[in-house]
Amino acid sequence: MANDRTPLIAGNWKMNLNHQEAVVLVQKLAWVLSDKKHDPARSEVAVIPPFTDLRSVQTLVDGDRLPIRYGAQDVSIHDAGAYTGEISAAMLAKLGCSYVLSGHSERREHHGEDDATVAAKSQKAVAAGMTPIVCVGEGLDIRQAGTHVDHCVAQVEGSLAGLTPEQVATSVIAYEPVWAIGTGEVATPEDAQEVCAAIREQVASTWSSSAAERVRILYGGSVKAANAAAIMAQSDVDGALVGGASLQAEEFAAICRFYDLPDLSGVA
Ligand SMILES: O=C(CO)COP(=O)(O)O
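Quantities reported herein were computed from a predicted structural model and do not represent experimental measurements. (Residues numbered from 1 in each chain as written. Predicted model: local features only at pLDDT ≥ 70, side-chain atom pairs only at ≥ 80, totals over all residues. Heavy atoms only, no water.)

Some remarks on the packing of aromatic side chains
In step 1: All chains considered together, the criterion is met by 2 aromatic pairs.
In step 2: For the ring pair Tyr 175 and Tyr 219, a centre distance of 6.2 Å and an interplane angle of 65 degrees mean the geometry is edge-to-face. In this pair, Tyr 175 sits in strand β6 (residues 172–175) while Tyr 219 sits in strand β7 (residues 216–220), placing the two residues 44 residues apart along the sequence.
In step 3: With relative accessibility at 0%, the residue Tyr 175 sits in the buried group. (Phe/Tyr/Trp six-rings, centres within 6.5 Å; stacked < 30°, edge-to-face > 60°. Helix = DSSP H or I, 4+ residues; strand = E, 2+ residues; numbered from the N terminus. Buried < 20%, exposed > 50% of the residue type's maximum accessible area, 1.4 Å probe, protein only.)

So, in structure tokens, the structure goes:
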């Protein structure tokens, strides 16, 4: 590999699968990865189930010592108290979550989350010892207007505001163009690389060049086994945030196995 970043393939289940179905999927995923000799040292695999599944996933992963991490799809900006329906960072950390999605476009769209809210969530995750996966991405109108790069780097600045360079270095940023989410329309590898490279440059200028070198940047939006390799081979793309395809163990495992290929140095 041309850099020291450990790639991450994370499966965002969104509002799918109850806790019993979650156990079945994680068991199957672990079995397929092991059968195909996935090397967890070469790339990390994580699942991001609904809150109600997390305890069951924790019990399974811990009990069977599975090489799979897990995280939550959202976190409260509050620590505790009279916030009906909210889940705190401390609760998620106690459940062994490694990751927390922050500012997924569906939260931004359906729950009115702006960059300041997303930054507050990212800070709560970090303070509780978890890694935020901070999501950014442009809608179709912005893409058509050609201002997508400016839009995404501005979102990065706003959504990671208040984090130190070291905290940014150990965070994850996911570039998810909204027009590619759940549509079957995937960004080209060049589209993904263009925005991920611009995000990395922005991290260098706003935080530090070391943070830019270390921060992992994922692509998300209609990633499938058939299109993942060309995107993940891009030099500034460090893995994928997968929605629909992460609900099928074989398909998701096929994406996860990309980094098991013997040598990628000539591909990117
Ligand atoms: O939103 C996504 C992951 O967070 C992408 O979803 P799809 O892979 O279903 O397009």
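Okay, back to it.
Section: the environment of His 151
In step 1: On the secondary structure map, His 151 appears in helix α7 (residues 148–159).
In step 2: Residue class for His 151 comes out partly exposed when judged on its relative accessible area of 24%.
In step 3: Setting aside its immediate chain neighbours within four residues, His 151 contacts Gly 137, Glu 138 and Ile 142.
In step 4: Only 3.4 Å separates the side chain of His 151 from the backbone oxygen of Gly 137, close enough to count as a polar contact. (Contact = heavy atoms within 4.5 Å. Polar contact = N/O pair within 3.5 Å; in protein donor to acceptor, adjacent residues only side chain to side chain.)

Concerning the UniProt feature "binding site: substrate" (unreviewed entry) in the protein
In step 1: UniProt records the feature "binding site: substrate" (unreviewed entry) for Asn 12, Trp 13, Lys 14, Gly 182, Ser 222, Gly 243 and Gly 244 in the present numbering. Despite a sequence span of 233 residues, these residues sit close together in the fold, their greatest C-alpha distance being 13.7 Å.
In step 2: As for its position among the elements, Gly 182 is in the loop between β6 and α9 (189–206).
In step 3: Residue class for Ser 222 comes out buried when judged on its relative accessible area of 10%.
In step 4: Ser 222 has contacts with Ala 180, Gly 182, Thr 183, Gly 184, Glu 185, Val 186 and Asn 227, leaving out every residue within four places of it along the chain. (UniProt positions renumbered as here; feature names shortened; annotations may be inferred.)

Looking at the state of the cysteines
Note on terminology: a disulfide is the covalent bond linking the sulfur atoms of two cysteines.
In step 1: One pass over the full model with this rule turns up 0 disulfides.
In step 2: Cysteine Cys 152 remains unbridged, with the sulfur of Cys 196 as its closest cysteine sulfur at 8.9 Å.
In step 3: Here Cys 256 is not cross-linked by a disulfide; its sulfur's nearest cysteine counterpart is in Cys 135, at 17 Å. (Disulfide = S-S within 2.5 Å.)

Looking at the packing of helix α5 (residues 115–127) against α7
If you want to describe how two helices pack, look at the angle between their axes and the distance between the axes.
In step 1: Where α5 meets α7, the axes come as close as 7 Å, and the angle between the chain directions of the two elements is 50 degrees. Considering their axes alone, α5 and α7 lie oblique with respect to each other. The segment α5 lies against α7, with Asp 115, Val 118, Ala 119 and Ser 122 engaging Ala 154, Gln 155, Gly 158 and Ser 159.
In step 2: Of the residues assigned to the contact of α5 with α7, the class counts are 3 nonpolar, 4 polar and 1 charged. (Axes fitted to C-alpha atoms, helices over the stretch in contact; angles between N-to-C directions. Parallel < 35°, antiparallel > 145°, perpendicular 65-115°, else oblique. Nonpolar A, V, L, I, M, F, W, Y, C, P; charged D, E, K, R; others polar.)

Here we look at unusual backbone geometry
In step 1: Positive phi, normally seen in glycine, also occurs at Lys 14, with a value near 55 degrees.
In step 2: When you line up the elements, Lys 14 lands in the loop between β1 (8–12) and α1 (19–35).
In step 3: Unusually for a residue other than glycine, Lys 37 sits at a positive phi of about 60 degrees.
In step 4: Given a relative accessible area of 66%, Lys 37 falls into the exposed group.

Quick word on the nonpolar core
In step 1: Residues Val 26, Leu 29, Ile 173, Ile 199, Val 203 and Tyr 219 are the most contacted members of the largest nonpolar core, which totals 68 residues.
In step 2: With 7 residues, the single largest contributor to this core is α1.
In step 3: Val 26 has contacts with Trp 13, Val 47, Val 57, Leu 60, Val 61, Leu 66 and Ile 68, leaving out every residue within four places of it along the chain.
In step 4: Judged by nonpolar contacts, the second largest core, of 12 residues, contains Ala 10, Ala 46, Ile 133 and Ala 174. (Core = buried A, V, L, I, M, F, W, Y, C linked by side-chain atoms within 4.5 Å.)

Some details on the site of the ligand
In step 1: Taken together, 13 residues lie around the ligand, and Lys 14, His 104, Gly 182, Ser 222 and Gly 244 are the ones closest in.
In step 2: The side chain of His 104 places a nitrogen or oxygen atom 2.8 Å from an oxygen atom of the ligand.
In step 3: The separation between an oxygen atom of the ligand and a polar main-chain atom of Gly 244 is 2.8 Å.
In step 4: Residue composition of the shell around the ligand, grouped by class: 4 nonpolar, 7 polar and 2 charged. (Near = heavy atom within 4 Å.)

What about the pairing of β7?
In step 1: Across the 5 residues of β7, 5 count as buried, placing the element largely inside the fold.
In step 2: Here β7 shows a buried face lined by Arg 216, Leu 218 and Gly 220 and a second buried face lined by Ile 217 and Tyr 219.
In step 3: As paired strands, β7 and strand β8 (residues 239–242) are joined by 2 bridges and run parallel to one another. Within the sheet, the bridge partner assigned to Gly 220 lies in β8 and is Leu 241. (Pairing = 2+ DSSP bridges.)

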